[in-house]
Amino acid sequence: METAVRKGTRLDYNPPKQKHLQTLIKLTFQSPGNAASIVDLLEKRLRENSWIIIFKVLIIIHTLMKAGDGDKVISYIETRPSALDTSKLREKSSGVVHIQNIYLYTAYLEQKVIAYRNSRIDFVKNTLSNKEGRLRHLSIKNGLLKETIILQKQINTLLKCNFILDDVDNNISLYAFKLLIEDLLILFQVMNESIVNILEHYFAMDKSDARISLEIYKKFAKQTEDTIAFLNKARRLQHDLNITIPEVKHAPLSLAAALQEYLDDKKIEDTDIQENQVNTVKPLEQPKELTDFFQSLENEKVNVFYNPIIMQQPQHAIFTSPVSTTTTTINTNPFRVTPQQSVSSLLPTNSQTNNNPFRTNTVPQMSLSSPTTLYQNSNNDLFSSFNNNNNNNNPFTAMNSTVLPPTLLVATPSSNNNHNPFSSYPTPKQQQLQTWSNNTIF
């Protein structure tokens, strides 16, 4: 543990190595007290007056929250605010830009802990395990509006992390920025799911809840624009980040007027709606854009707001390249010949056993572009010249026998009325060795 912390925060311009991060991640699951011990060791490293070490400490803490036993890590940091205290870091001319990034990064991690304290849930960790946030189906009675407000505060703090990445030695800042992008995509997904849930019940809410929901929606529209701008800026750094940032999908943003109109309607009854009561809404009460949006959600079989980051192929990047996997494609077209599949494998095979082990090397291979050919003798038995009535087991004695050799015949239409298309061709009366020439069909 001590070795992984020390090597993970060593004084160089590269982010913590994956092997040290994986060691610490595994340790958080092995023993209940390991998470607290790791945080204590990291807190000691925060006392170093080096922006490199402090930045790496924050990256390790962020990674443990996300990939390790996050609940234990965040719960312990909640009781020890000094674990994220970077206020004693002195500014130096060589690291002023990085120190500004550190302050922004620290503010986000602190807000992440505050959000956990108020909701007892880590939205990122919870959504990673389920690929759908809990706010999608959470009822207003159980705290939908309250948790949405907490989530919006966390997103607002993250959107303020406009890192300055113009410095030459910015590998550590880029790695932290990549972690922020991953969190933003997940949090934005949870936010959209929460807004959809709110809009589904908005026209059946009482005035107090509708008023809060309207403020949430207005803030959501503003944060959506900021999120798109934030990701557009990050998209220009995809090569340096070694990732591909997707185009995010979001709920409609032009419903504020319709929601406000409903809120101003004097005919709204200020009564509480029971959660188990079926809400019957008139079609005219909801805007057409909203009904169309709900219809599109019903037609989707997957979560339309799920936007995972795609790792690019390993380049000269600062991060550990993902493990490459080989995808096996099953060819369902029986007529398609793959490079590993020979043409002869697609042709029907003869069930008879060839007693001459060298005969297959002298028979010309069949081609898909040439007419179908048969090798036949006068007795209409394939290769029967090697199977006479003699008891000689030597397969080469048939070469000197008087039995007629096989004749090459081409299956072509015959003008006579004979049902045997091959009978019109004369059978040679004596054995002759003929060489293959350009005049043959091959």
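Here, the structure is the one placed above.
Residues numbered from 1 in each chain as written. Predicted model: local features only at pLDDT ≥ 70, side-chain atom pairs only at ≥ 80, totals over all residues. Heavy atoms only, no water.

Caption draft 1: Main features of the pattern of salt bridges. Summed over all chains, the structure comprises 13 salt bridges. One continuous salt-bridge network, built from bridges that share partners, spans Asp40, Glu43 and Arg80. (Salt bridge = Lys/Arg side-chain N within 4 Å of Asp/Glu carboxyl O.)

Caption draft 2: Expanded view of the environment of Ile61. As for its placement among the helices and strands, Ile61 is situated in helix H4 (residues 51–67). What Ile61 contacts, discounting residues up to four positions off in sequence, is Leu42, Ile77, Ala83 and Leu84. (Helix = DSSP H or I, 4+ residues; strand = E, 2+ residues; numbered from the N terminus. Contact = heavy atoms within 4.5 Å.)

Caption draft 3: View of the nonpolar core. Within the largest apolar cluster, 93 residues are counted, with the highest numbers of intra-cluster contacts made by Phe55, Ile77, Tyr105, Phe163, Phe177, Ile181 and Tyr202. Those residues in contact with Phe55 that sit more than four places away from it in its chain are His98, Asn101, Ile102, Tyr105, Phe163, Ile172, Ser173 and Ala176. (Core = buried A, V, L, I, M, F, W, Y, C linked by side-chain atoms within 4.5 Å. Buried < 20%, exposed > 50% of the residue type's maximum accessible area, 1.4 Å probe, protein only.)

Caption draft 4: Fine view of the side chain of Asn101. Along the polypeptide, Asn101 turns up in helix H6 (residues 96–119). Those residues in contact with Asn101 that lie beyond four places of it in its chain are Phe55, Phe163, Ile164 and Ser173.

Caption draft 5: A look at the environment of Val97. Note on placement: Val97 falls in helix H6. Taking relative accessible area as the criterion, Val97 reaches 26% and is therefore assigned partly exposed. Taking the C-alpha atoms as reference points, Val97 and Asn170, 73 residues apart in sequence, are found 9.5 Å from one another.

Caption draft 6: Representation of unusual backbone geometry within the structure. Positive phi, normally seen in glycine, also occurs at Arg120, with a value near 60°. In this fold, Arg120 is placed in the loop between H6 and helix H7 (123–130). One non-glycine residue with positive phi stands out, namely Asn242, at about 60°. Take Asn242: its relative accessible area is 1%, and that puts it in the buried class.

Caption draft 7: Representation of helix H3 (residues 34–46). For H3, with 13 residues, the first-to-last C-alpha span of 19 Å sits near the 18 Å given by 1.5 Å per residue. Of all 13 residues that make up H3, ten are buried, and the element is covered over most of its length. Of the positions making up H3, those classed as buried are Asn34, Ala35, Ala36, Ile38, Val39, Leu41, Leu42, Glu43, Arg45 and Leu46. Summarising the contacts, the buried residues of H3 are in contact with helix H1 (2–8), helix H2 (18–30), H4 and helix H5 (70–79). (Expected span 1.5 Å × (residues − 1).)

Caption draft 8: Region of the structure containing the packing of aromatic side chains. On inspection of all chains with the given rule, the structure shows ten aromatic pairs. Where Tyr105 meets Phe163, the ring centres are 6.2 Å apart and the plane angle is 85°; that geometry is what we call edge-to-face. One end of the pair, Tyr105, is in helix H6; the other, Phe163, is in the loop between helix H8 (144–159) and helix H9 (171–202), with 58 residues separating them in the sequence. For Tyr105, a relative accessible area of 0% corresponds to the buried category. On the numbers, 6.1 Å between centres and 45° between planes, the contact of Tyr217 with Phe220 is tilted. Here the residue Tyr217 and the residue Phe220 both occupy positions in helix H10 (residues 207–235), the gap between them amounting to three residues, near one helical turn. With respect to burial, Tyr217 and Phe220 carry one shared label: buried. Put simply, the rings of Phe55, Tyr105, Phe163, Phe177 and Phe230 touch in pairs and so form one group of aromatic residues. A cation sits over an aromatic face here: Lys178 above Tyr175, 5.8 Å from the ring centre. (Phe/Tyr/Trp six-rings, centres within 6.5 Å; stacked < 30°, edge-to-face > 60°. Lys NZ or Arg CZ within 6 Å of the ring centre and 35° of its normal.)

Caption draft 9: Structural detail: the packing of H5 against H6. For the pair H5 and H6, the least separation of the axes is 10 Å and the interaxial angle reads 100°. Here H5 is positioned roughly perpendicular relative to H6, judged by the angle of their axes. Residues Asp71, Ile74, Ser75, Ile77 and Glu78 of H5 pack against Lys112, Val113, Tyr116 and Arg117 of H6. Across the contact of H5 with H6, the residue classes tally to four nonpolar, one polar and four charged. (Axes fitted to C-alpha atoms, helices over the stretch in contact; angles between N-to-C directions. Parallel < 35°, antiparallel > 145°, perpendicular 65-115°, else oblique. Nonpolar A, V, L, I, M, F, W, Y, C, P; charged D, E, K, R; others polar.)

By themselves these figures say nothing about function.
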